[in-house]
Amino acid sequence: MKMYRHEVYDQLKMEMPFGVTLREDNRWVILSKKFPWEEIDREYQEHFKSSEGQVAIPSRLAFGALYIQAEEGYTDEQTRRNIQENPYLQYFCGFECYTMESPFDASMMTHFRKRISPEMIQRINDLVFAPEAVASTDNPEEDDSVNQEDSEDPLSAQPTEKSENRGTLILDATCCPADIHYPTDAGLLNHARELVEKMIDLLYPAARDLYPEKPRTYRQQARKRYLAYIKKRTHTVRETRMVLRGNLQYIQRDIGYIEKMVAHGVSLSLLGNNLYRKLLVIQELCRQQWDLYVRKSHQIEDRIVSIDQPHVRPIVRGKAGCPTEFGAKVIVGLVSGYAFLMKADWNNYSESRSLKQVVEEYKETFGFYPKTILADRAYPGRENRLWCTSLGIRLSGPRLGRKSAEEKQAESKQIYQDGCDRVVIEGTFGVVKRRCSLDRVMTRLPDTSMTSIAMGFFAANMERKLRLLFAPEYGWALDYDFDLGELVIFPRFPDVPAIQ
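Residues numbered from 1 in each chain as written. Predicted model: local features only at pLDDT ≥ 70, side-chain atom pairs only at ≥ 80, totals over all residues. Heavy atoms only, no water.

Colleague: Can you help me understand the pattern of salt bridges in this one?
Modeller: Any two side chains of opposite charge can pair, given that their charged atoms come close. Tallied over the entire structure, the rule returns 31 salt bridges. Residue Asp291 pairs with Arg295 through a salt bridge whose shortest N-O separation is 2.9 Å. Pair noted here: Asp291 and Arg295 are both in helix α11 (residues 272-295), with a separation of four residues, about one helical turn. Overall, the relative accessible area of 28% leaves Asp291 in the partly exposed class. Put simply, Arg27, Glu71, Glu72, Arg435, Glu463 and Arg467 are held in one network by salt bridges that share partners. (Salt bridge = Lys/Arg side-chain N within 4 Å of Asp/Glu carboxyl O. Helix = DSSP H or I, 4+ residues; strand = E, 2+ residues; numbered from the N terminus. Buried < 20%, exposed > 50% of the residue type's maximum accessible area, 1.4 Å probe, protein only.)

Structure follows, in structure tokens:
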């Protein structure tokens, strides 16, 4: 018996009890017909090479559960419960008949996110939405309205020969914050001290020969000093440094106790995988904090801001009220209204240095270079502008070299128009973060967090596709129901058939 069985996705009906029927105009019924389930299944089954073991959950249920979670903002347990209770969600996930049994355990959502990688979601995203974006660029009425006068505009750095570039690529970067406590040096070290003390409590019973009495950790004294510090509204530099040095000394002494226990023969397996991983993180955290303390600095590479999620890095964006965010930094390209995840990383990389990579990925996805790139002031450097000019791409921003008064005036108008056309991507970020739960990524592993981010952009694109597909001229309409708190697709005509 194989671990994974290929599913046939020719779902036409769903058996319901008591003669109940499902309405065809329900959004989940409509969505089930728009997903490329065969391609998803082909990508999903690559994870199962062995022919032994329990049969895995079908790809449609796994991918559908992740999509439902991103679309509705559910937790893992809420996703499982709503699929169990809602027949429309069961139809969307490929059930042939309504069942009241639990489809899977809530912990399986973590395995779904591990099996469905962000690269897989991006390939499915390109497969579904790239053809529609290309169709929009081929439409002469919608093709790059901001460049209608490019042939006569001396400011556009286009080659004299006919260019095959098409479309407008709107670029911007944002941060998807992780679900961590706001980090402070004093708070991180205090949390590390408490964890190390817990480790000593677990290891001491196996080291009674070495320590007849439990090593003194002075935890009550350390806790008292920390509480006295955080209860103050303001802190002097001297008070902060005293708290940092005290916690560092507590932690180093406690780690010394653990090292002696290990040398005496105590196994660190008593801590378990979770605490053992945190012990390694705490050692690196102490090294960084001692370096910062000695240098009297606040900057260091690969700075740890969370013991539970050590992959998270501070992302300095310079926004009013929130200059620093903590999460993954992503570059998003907006093409014909559809968002494509170009680059995502936990480190605070330079956006301008990633322009070439993003443009080459655009060409790989669509088959041609963009005609125009609308980006903020971080991108149009000398190197990027010359590189774009060599490819026949107009990069927004001031042009290099001296300009006459007429050219300056025309350039000012063009920059203003580019800014107006580029602002639409900010609205896309707002939709993705509020509607698709990317304002706080609740997953805790680096890979599964990236999967959640990629699924969030996929859900936003699918929502836009439904809005365009079921427009009023096709007999359907899509509106926001304030009572339900969600988008609702409804027919303009009263007689709508139902699915038996």
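Colleague: What am I meant to see in the pairing of strand β2 (residues 168-177) here?
Modeller: Two faces belong to every sheet, and in a regular strand the side chains alternate between them. The buried fraction of β2 is high, at 10 of 10 residues. What you see with β2 is no split at all: Thr168, Ile170, Asp172, Thr174 and Cys176 on one side and Leu169, Leu171, Ala173, Cys175 and Pro177 on the other are buried throughout. Looking at chain direction, β2 and strand β6 (residues 372-374) are connected through three bridges and run parallel. Counterpart to Thr168 in the pairing with β6 is Thr372. In this structure, β2 lies alongside strand β4 (residues 322-335), joined through eight bridges in antiparallel fashion. Its bridge partner lying in β4, Cys175 is registered against Lys329. (Pairing = 2+ DSSP bridges.)

Colleague: What should I look at first to understand the packing of aromatic side chains in this one?
Modeller: Two measures describe an aromatic ring pair: the distance that separates the ring centres and the angle between the ring planes. All chains considered together, the criterion is met by 21 aromatic pairs. With 5.7 Å between their ring centres and 85 degrees between their planes, Phe63 and Phe458 make a pair best called edge-to-face. Pair noted here: Phe63 is in helix α3 (residues 59-72) and Phe458 is in helix α16 (residues 446-469), with a separation of 395 residues, a long-range link. The pair Phe63 / Phe458 is uniform in exposure class, with both members buried. Through successive ring pairs, a cluster of aromatic residues spans Trp28, Phe35, Trp37, Phe63, Tyr67, Phe92, Phe129, Tyr338 and Phe458. For the cation-ring pair, Arg241 lies above Tyr293, with the distance from its terminal atom to the ring centre recorded as 4.0 Å. (Phe/Tyr/Trp six-rings, centres within 6.5 Å; stacked < 30°, edge-to-face > 60°. Lys NZ or Arg CZ within 6 Å of the ring centre and 35° of its normal.)

Colleague: Is there a simple way to explain the pairing of strand β5 (residues 338-345) in this structure?
Modeller: Of all the eight residues making up β5, six are buried; the element is thus mostly covered by neighbouring parts of the structure. As paired strands, β4 and β5 are joined by seven bridges and run antiparallel to one another. Pairing of Lys329 across the sheet is with Asp345, part of β5. What sits between the antiparallel neighbours β4 and β5 is a turn of two residues, in which Ser336 has the positive phi angle 55 degrees.

Colleague: Got a minute to help me understand the layout of surface pockets in this structure?
Modeller: Think of a ball as big as a water molecule: rolled over the atoms, this probe shows where empty space is left. Taken as a whole, the largest pocket encloses approximately 900 Å³ of empty space. Of all the secondary structure elements, the ones that give two or more residues to the lining of the largest pocket are α8 (185-203), α9 (219-230), α10 (237-263), α11, β3 (314-319) and β4. For the lining of the largest pocket, a count of residues per class yields 17 nonpolar, 11 polar and seven charged. (1 Å grid on protein atoms, 1.4 Å probe; cavity = no way out; pocket = protein on both sides within 12 Å on 5 of 7 lines; lining within 4 Å. Points joined across faces, edges and corners; volume = space filled by probe spheres on them. Nonpolar A, V, L, I, M, F, W, Y, C, P; charged D, E, K, R; others polar.)

Colleague: Mind showing me how you'd approach the packing of α8 against α11 here?
Modeller: How two helices pack is summed up by the angle between their axes together with the distance between the axes. With their axes 10 Å apart at the nearest point, α8 and α11 run at an angle of 140 degrees to one another. When the axis of α8 is compared with that of α11, the two are oblique. At the point where α8 passes α11, the crossing takes the left-handed sense. Here α8 contributes Asp185, Leu188, Leu189, Ala192, Leu195, Val196, Lys198, Met199 and Leu202 to the contact with α11, which in turn contributes Leu275, Lys278, Leu279, Ile282, Leu285 and Gln289. Across the contact of α8 with α11, the residue classes tally to 11 nonpolar, one polar and three charged. (Axes fitted to C-alpha atoms, helices over the stretch in contact; angles between N-to-C directions. Parallel < 35°, antiparallel > 145°, perpendicular 65-115°, else oblique. Left-handed = near helix turned anticlockwise from the far one by under 90°. Contact = heavy atoms within 4.5 Å.)

Colleague: Got a minute to help me understand the state of the cysteines in this structure?
Modeller: Among covalent bonds in proteins, the disulfide is the one between the sulfur atoms of two cysteines. Applying the stated criterion across every chain, the model contains zero disulfides. Free cysteine: Cys175, not disulfide-bonded; nearest cysteine sulfur from Cys176 at 6.6 Å. (Disulfide = S-S within 2.5 Å.)

Colleague: Explain empty space enclosed by the protein here, please?
Modeller: One pass over the full model with this rule turns up three cavities of 30 Å³ or more. Counted as a void, the second largest cavity has a volume near 120 Å³. Together, 16 residues line the second largest cavity, and Gln122, Asn125, Asp126, Phe340 and Leu341 are the ones closest to its centre. If you list the elements that add at least two residues to the lining of the second largest cavity, you get α7 (118-138), β5, α12 (355-366) and α16.

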